[in-house]
Amino acid sequence: MHGKAFGQKGINPLRRKSFIVTEALIPTISLEEYCANWKNSSPKFSTKKY
């Protein structure tokens, strides 16, 4: 992932708002798709570790 821009608003760390813009993450799948079958077939520990 390569960051392209970021911004923040506010001085108080408890109320500060921030964002980051990155390059497109292609090819990727959503976390929901990746974990869809875990309820029926648990992944190996090494998969969950990272």
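Figured I'd write up the structure that's included with this text. Here the structure is a predicted model, which means the values were calculated and not measured.

Procedures and definitions
Residues numbered from 1 in each chain as written. Predicted model: local features only at pLDDT ≥ 70, side-chain atom pairs only at ≥ 80, totals over all residues. Heavy atoms only, no water. Phe/Tyr/Trp six-rings, centres within 6.5 Å; stacked < 30°, edge-to-face > 60°. Salt bridge = Lys/Arg side-chain N within 4 Å of Asp/Glu carboxyl O. Helix = DSSP H or I, 4+ residues; strand = E, 2+ residues; numbered from the N terminus.

Further remarks concern the packing of aromatic side chains. Scanning the entire structure with this criterion turns up one aromatic pair. Between Tyr34 and Trp38, the aromatic rings sit 5.8 Å apart at their centres with planes inclined by 65 degrees, giving edge-to-face as the arrangement.

Bringing the pattern of salt bridges into the picture now. Enumeration over the complete set of coordinates arrives at one salt bridge. One salt bridge connects Lys4 with Glu23, and the closest N-O pair in it is separated by 3.2 Å. A residue pair is termed long-range when its members are at least 10 positions apart, and Lys4 in strand β1 (residues 3–9) and Glu23 in the loop between β2 (17–22) and α1 (31–34) qualify at 19 residues.

This paragraph deals with unusual backbone geometry. A negative phi holds for most residues other than glycine; trans holds for most peptide bonds. Omega for the peptide link from Ile26 to Pro27 comes to -5 degrees, which places this bond in the cis form. Structurally, Pro27 can be placed in the loop between β2 and α1.

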